[in-house]
Amino acid sequence: MVTAARDYISARLLEAGLPVPALGITLGSGLGDAAPELEGAIEISCREVPGWPPCGAPGHAGLLRCGTYGGTGVLVQSGRPHYYEGLDMGEVTLPVRVMAASGIGKVFMANAAGALNPVYEKGYILLVRDHINLMGVNPLRGMRDENGNPRFLDLSSLYDVESGDALEERGKASGWPMESGVLVAVCGPSYETGAELRYMRLVGGDAVSMSLVPEALMAHCLGLAVTAVSVITNVWDLRMPRATSHQEVLDTATGSTALLKEVIYAWLGLSLARDA
Ligand code: HPA
């Protein structure tokens with residue numbers, strides 16, 4: 001499955017005269033417009049790629065954009081498959097596994113999240129420094145290491161510290177509404193009850209989302225450097241949660257793409273500088 005998808009994308013890149021990608025970007029709900037401008041860019045519909053899972057959630061384009069930035073190959077995935085769509089973790093993590101198989105070494109992931117931290121406001125960016133996986137499943141289940149043992153992966157440095165520190169510094173200098181924090185992952189598709197939200201805050205969560213964490217775990221397992229952000233699309237009042245909706249999430253996400261794009265350009269610049 002991974003090989004067929006990788007081969008298809010490689011052939012399209014070759015045909016367009018594009019290099020093997022070194023950097024990958026994954027954009028979630030309503031965030032497709034944050035995709036950076038790339039030189040010589042081509043678009044590949046995910047539907048064309050053999051074995052690519054459906055990206056059926058509203059606001060998810062299901063599009064790959066490939067091109068170069070500063071001479072380096074970049075692949076941008078707009079729209080991701082979700083566990084809540086009924087897919088299995090193999091399908092949810094297929095895109096990141098294809099990225100790894102294609103030669104990508106660094107990945108930037110963005111999704112939408114609801115704030116648990118009362119300091120956050122709609123449109124803020126959470127720089128994910130750690131996570132709490134409450135999905136009840138782990139995408140690495142069944143994976144083995146080179147000796148055939150279960151993949152007991154160390155997660156003490158899952159989210160790349162160097163790029164996180166650099167982005168935090170850049171954010172302060174540029175006045176970005178950005179905070180470092182802990183992302184809680186849930187299965188969805190229902191939103192959280194008041195008691196669940198208070199529990200997540202109590203155990204150290206700053207925001208809650210239904211994606212990103214499975215892909216981050218897989219990316220780390222495959223040796224990719226992971227930088228992740230969540231766009232705060234809704235803010236929970238933990239004392240008396242007000243109803244939210246996917247429309248609110250999409251509307252706020254769409255309004256935040258300019259800021260996210262700036263963060264992505266900063267990450268691209270940092271990633272190129274680190275490799276120079
Ligand atoms: N909960 C879970 N996932 C989300 C939320 C939320 O409040 N907002 C955006 N994705």
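Preceding block: the structure.
Small disclaimer: the values here were computed from a predicted structure and weren't measured. (Residues numbered from 1 in each chain as written. Predicted model: local features only at pLDDT ≥ 70, side-chain atom pairs only at ≥ 80, totals over all residues. Heavy atoms only, no water.)

**What to know about the packing of helix α1 (residues 2-15) against helix α3 (residues 94-101)**
Next up, step 1: Relative orientation of the contacting elements α1 and α3 amounts to 60°, with a least axis distance of 9 Å. The angle between the axes of α1 and α3 places the two elements in the oblique class. Considering the relative orientation of α1 and α3, their crossing is right-handed. Counting all contacts with α1, which are made through V2, A5, R6 and I9, the residues of α3 involved are L94, R97, V98 and A101.
Next up, step 2: Residue classes in the contact of α1 with α3 are distributed as six nonpolar, no polar and two charged. (Axes fitted to C-alpha atoms, helices over the stretch in contact; angles between N-to-C directions. Helix = DSSP H or I, 4+ residues; strand = E, 2+ residues; numbered from the N terminus. Parallel < 35°, antiparallel > 145°, perpendicular 65-115°, else oblique. Left-handed = near helix turned anticlockwise from the far one by under 90°. Contact = heavy atoms within 4.5 Å. Nonpolar A, V, L, I, M, F, W, Y, C, P; charged D, E, K, R; others polar.)

**Thoughts on helix α5 (residues 194-202)**
Next up, step 1: All of the buried residues in α5 are G194, L197 and M200. Mapping the buried residues of α5 onto a view down its axis gives an arc of 125°, with all of them on the same face. Turned more than 90 degrees off the buried face of α5, the exposed positions are A195 and L202.
Next up, step 2: In this fold, the buried residues of α5 make contact with β7 (178-185) and β8 (207-209).
Next up, step 3: Of the residues one or two after α5, G204 is the one with positive phi, at around 110°. (Buried < 20%, exposed > 50% of the residue type's maximum accessible area, 1.4 Å probe, protein only. Arc of directions from axis to C-beta.)

**A closer look at the site of the ligand**
Next up, step 1: With respect to spatial proximity, the complete set of residues near the ligand consists of A112, A113, G114, Y191, E192, V208, S209, M210, T233, N234, W236 and V249.
Next up, step 2: Within the backbone of G114, one N or O atom sits 3.2 Å away from a nitrogen atom of the ligand.
Next up, step 3: The separation between a nitrogen atom of the ligand and a polar side-chain atom of N234 is 2.7 Å.
Next up, step 4: Contact with the protein chains hides 95% of the accessible area of the ligand, taken as 260 Å² for the molecule alone.
Next up, step 5: Elements represented by at least two residues in the shell around the ligand include exactly β5 (106-115), β8 and β9 (225-235).
Next up, step 6: Of all the elements, β5 adds the most residues to the shell around the ligand, at three residues. (Near = heavy atom within 4 Å. Polar contact = N/O pair within 3.5 Å; in protein donor to acceptor, adjacent residues only side chain to side chain. Areas by Shrake-Rupley, 256 points an atom, 1.4 Å probe, with all protein chains shown as cover.)

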